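Residues per chain, in single letters:
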Amino acid sequence: MTEPERPPVADWATDFDHTKAAYATRAPEIWDELRGSCPVAHSDRFGGTWLPVRHDDVSTIAKDTDHFSSQGVVVTDWRPDIPKPIGYAPPITSDPPFHKIARQFLLTAFSPKAIAELEQPARVMCNELIDDLLAQQTGTVDAAVQYAQHIPVRVIAAMLGVPEEDGDLFRGFIHRILENPGGVEVAPEDTMDAYLDALIAQRQTEPRDDLITYLTRSTIDGDPLTAAHVRGTCALLLLAGIDTTWSAIGASLWHFAQHPDDRRRWTDDPAVRPFAIEELLRFYAPVTMARLVAEPVEVRGCPMEVDDWVLLPFPAANRDGEAFERADEFVIDRQRNRHLAFGLGIHRCIGSNLARLELTVAVEEWLRRIPHFELADPEQVRWSTGQIRGPRELPVRIVATSDTAA
Amino acid sequence: MKVRFDRELCQGHNRCYILAPELFDTDDEGYAVLRVEGNVPPDLEEKARLAADNCPEFAIEIEDDATDG
Ligand code: HEM
Ligand code: SF4
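## Remarks on the overall build of chain B
Secondary structure assignment for chain B yields two helices and four strands. Seen in sequence order, chain B has helices and strands lined up from the N terminus as β-α-β-β-α-β. On C-alpha atoms alone, chain B measures out to a radius of gyration of 11 Å, which is about the 11 Å that the 2.2 N^0.38 rule sets for 69 residues. Of the contacts made within chain B by residues no fewer than 6 positions apart, 57% connect residues no fewer than 24 positions apart. For chain B, the accessible surface area stands at approximately 3,600 Å², while carbon and sulfur atoms represent 46% of it. Here chain B carries 7 positive and 18 negative side-chain charges, and the mean point of each set is 2 Å from the other.

Set out below in structure tokens:
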């Protein structure tokens, strides 16, 4: 990790830096200020970066794949070297026309009906995690580290077909990749790539009912995917599916810890839950994507040059008063909610049905078993920095469980 | 009331399928499929409006009857 030192931000309209802790903790206020004063902010950092914060600008850019390329979706000081239209991790880094090919064969595995089958196992798993938390009997637990974090890892491991007994090994890989990328030297035979290659080879000879088998049987123009492609897709699903969902679950619990009325409404009125889930996704949308300008273009009078970065802060769009009534309020039963938490246009999150299921089950089981809890110490909550925003440390005090509640 | 659904705009967010499963199904890839032809039964009109108002891609439109009072 050799990121250059970057000075503190002097002015969010002309020098913003979305990787700063100050942005992580007060992003919604910054978006509000900018929306009023400078709806397309600019910074010279990262070789030139734009930050549009209005719903309609974010939508226009997300849909305009001619002027804005997905070749790079995470802002860095350098520019990606894997050429368009495929990019490093198809389909998220791909542009038309290749994008559609790379996306198509994944859709069936993530369709709502395919995903619905995972509900029961997810419920069992959340309850196991809660059993462990409560067995600890300390009263204070970390809802991000001990609960939210584990859910997407276990779900995707089960979907891919990682054997249960390899669970610890697999979580070790994920931890290394997400928490400490490039931080430790690892022998080639101990990498996740090597592990996945072995698993892929095994599924080719002994197919099972899992996602790796499904991928080994998928074809592009009649040809099976190469092992490298299958492995790359597995890696993308891990990277795109884990800290995003972890963030959404953590932020939702952060919310419920502080809002007893919303906890009560959730518990007493199951019909409100689908609306509450979409409102949690709107209000705490964890994902900001980026694009690279592919052809010179103007947005709201701002001249964007080739290879400038453009951030797509879906969370900022979700709080735009032009697009939502009472945009800055959390309205648990909001009926009209065209939020962009999963993006829009051709890159709509493939995992959206899965993420929604995980978030619903995680919140449902937590609130059923732990109907009363609060932040142990608001000062100790730590939010992630960068493009995926959510609590990474979330100590909460358990006040009542379903066993102790009347 | 009639519902118009534009398959070209649909990106498979499935908000419609969650809110109004009586009116929208999904295909194998998760794109929406409109289940009603012609008029929406009156008891489903509110659900049709909900689906239209929550589709992030503006793929669903409601056509109110002129005579609808
Ligand atoms: C709450 C959790 C999640 C959020 C908020 C989220 C958000 C997003 C967003 C905003 C995009 C659009 C990217 C862009 O426009 O460049 C995206 C794409 C994607 N997501 Fe998610 N995601 C979540 C969970 C998941 C899960 C669980 C998976 C899979 C296991 C997943 C897999 C993907 C993939 C493969 C893409 C690329 C789609 C494409 O480029 O065609 N995501 N996600
Ligand atoms: S909500 Fe809109 S985009 Fe999503 S499936 Fe329904 S019609 Fe398609």
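Back to the text.
## Points about the pattern of salt bridges
For side chains of opposite charge, pairing can occur when their charged atoms come near one another. All names here are of chain A. A complete count under the given rule lists 35 salt bridges over all chains for this structure. Note that Arg 300 is salt-bridged to Asp 56, the shortest N-O span being 3.2 Å. Note that Arg 300 is positioned in the loop between β8 (297-299) and β9 (302-304) and Asp 56 in helix α2 (residues 55-63), a separation of 244 residues in sequence. Look at Arg 300 and you get partly exposed, because its relative accessible area is 41%. The partner of Arg 356 in a salt bridge is Glu 278, with the nearest N and O atoms 2.7 Å apart. Highlighted residues: Arg 356 in helix α15 (residues 352-369) and Glu 278 in helix α13 (residues 273-283), separated in sequence by 78 residues. Taken as a pair, Arg 356 and Glu 278 share a single burial class, namely buried. Taken together, the salt bridges that share partners define one network made up of Glu 119, Arg 123, Arg 273, Glu 364, Glu 365 and Arg 368.

## What about the site of ligand 1?
All names here are of chain A. Near ligand 1, the surroundings consist of 28 residues, among which His 99, Arg 103, Arg 291, His 347 and Cys 349 are the closest. Secondary structure elements with two or more residues in the shell around ligand 1: α3 (98-107), α11 (227-258), β7 (288-293) and α15. In terms of residue count, α11 provides more of the shell around ligand 1 than any other element does, seven residues in total. Here the residues of the shell around ligand 1 sort into 19 nonpolar, seven polar and two charged.

## Quick notes on the nonpolar core
As a rule of thumb, nonpolar side chains are buried together in soluble globular proteins. All names here are of chain A. Formed by 99 residues in total, the largest nonpolar core has its most connected members in Phe 110, Tyr 147, Phe 170 and Trp 366. Ranked by residue count, the leading element in this core is α11, at 12 residues. For Trp 366, the residues in contact, after removing those within four places along its chain, are Ile 130, Leu 133, Val 141, Ala 143, Tyr 147, Leu 253, Pro 371, Phe 373 and Val 396.

## Examining the packing of helix α5 (residues 119-135) of chain A against helix α7 (residues 150-160) of chain A
Residue and element names in this part refer to chain A. Where α5 meets α7, the axes come as close as 10 Å, and the angle between the chain directions of the two elements is 140°. If you check the angle between α5 and α7, you find them oblique. Judged by the twist between their axes, the crossing of α5 over α7 is right-handed. Touching Met 125, Cys 126, Glu 128 and Leu 129 of α5 are His 150, Ile 151, Arg 154 and Val 155, all from α7. Here the residues of the contact of α5 with α7 sort into five nonpolar, one polar and two charged.

## Describing the environment of Phe 342 of chain A
Residue and element names in this part refer to chain A. Relative to the helices and strands, Phe 342 is located in the loop between α14 (314-317) and α15. According to the relative accessible area criterion, Phe 342 is buried, its value standing at 12%. Separated by 167 residues in the primary sequence, Phe 342 and His 175 place their C-alpha atoms 24 Å from one another. Look past the residues within four positions of Phe 342 in its chain and what remains in contact with it is Leu 281, Arg 348, Cys 349, Ser 352, Ala 355 and Arg 356.

## Considerations on the coordination of the iron atom of ligand 1
No protein donor other than Cys 349 of chain A (SG) coordinates the iron atom of ligand 1, and that contact is at 2.2 Å. Position of Cys 349 of chain A relative to the elements: it lies in the loop between α14 and α15.

## Description of unusual backbone geometry
All names here are of chain A. Geometrically, the link from Pro 90 to Pro 91 is a cis peptide bond, its omega value of 5° lying close to zero. The amide bond that connects Pro 96 to the next residue, Pro 97, takes the cis arrangement and shows omega of 0°. Examined against the element boundaries, Pro 97 turns out to sit in the loop between β3 (68-69) and α3. A positive phi is found at Phe 46, a non-glycine position, where the angle reads about 60°. Relative to the elements of secondary structure, Phe 46 occurs in the loop between β1 (40-43) and β2 (49-52).

## Considerations on the side chain of Arg 103 of chain A
Among the secondary structure elements, Arg 103 of chain A is positioned in helix α3. A polar contact is formed between the side chain of Arg 103 of chain A and the backbone oxygen of Ile 346 of chain A, at a distance of 3.3 Å. For Arg 103 of chain A, the contacting residues outside a window of four places in its chain are Pro 91, Ile 346, His 347, Arg 348 and Ile 350 of chain A together with Gln 11 of chain B.

The rules we used
Residues numbered from 1 in each chain as written. Chains lettered and ligands numbered in written order. Predicted model: local features only at pLDDT ≥ 70, side-chain atom pairs only at ≥ 80, totals over all residues. Heavy atoms only, no water. Helix = DSSP H or I, 4+ residues; strand = E, 2+ residues; numbered from the N terminus. Rg over C-alpha atoms; globule rule 2.2 N^0.38 Å. Contact = heavy atoms within 4.5 Å. Areas by Shrake-Rupley, 256 points an atom, 1.4 Å probe, with all protein chains shown as cover. Lys, Arg positive; Asp, Glu negative; His and termini not counted. Charge placed at Lys NZ, Arg CZ, Asp CG, Glu CD. Salt bridge = Lys/Arg side-chain N within 4 Å of Asp/Glu carboxyl O. Buried < 20%, exposed > 50% of the residue type's maximum accessible area, 1.4 Å probe, protein only. Near = heavy atom within 4 Å. Nonpolar A, V, L, I, M, F, W, Y, C, P; charged D, E, K, R; others polar. Core = buried A, V, L, I, M, F, W, Y, C linked by side-chain atoms within 4.5 Å. Axes fitted to C-alpha atoms, helices over the stretch in contact; angles between N-to-C directions. Parallel < 35°, antiparallel > 145°, perpendicular 65-115°, else oblique. Left-handed = near helix turned anticlockwise from the far one by under 90°. Donors = N, O, S within 2.8 Å, 3.2 Å for Na, K, Ca; no water. Polar contact = N/O pair within 3.5 Å; in protein donor to acceptor, adjacent residues only side chain to side chain.

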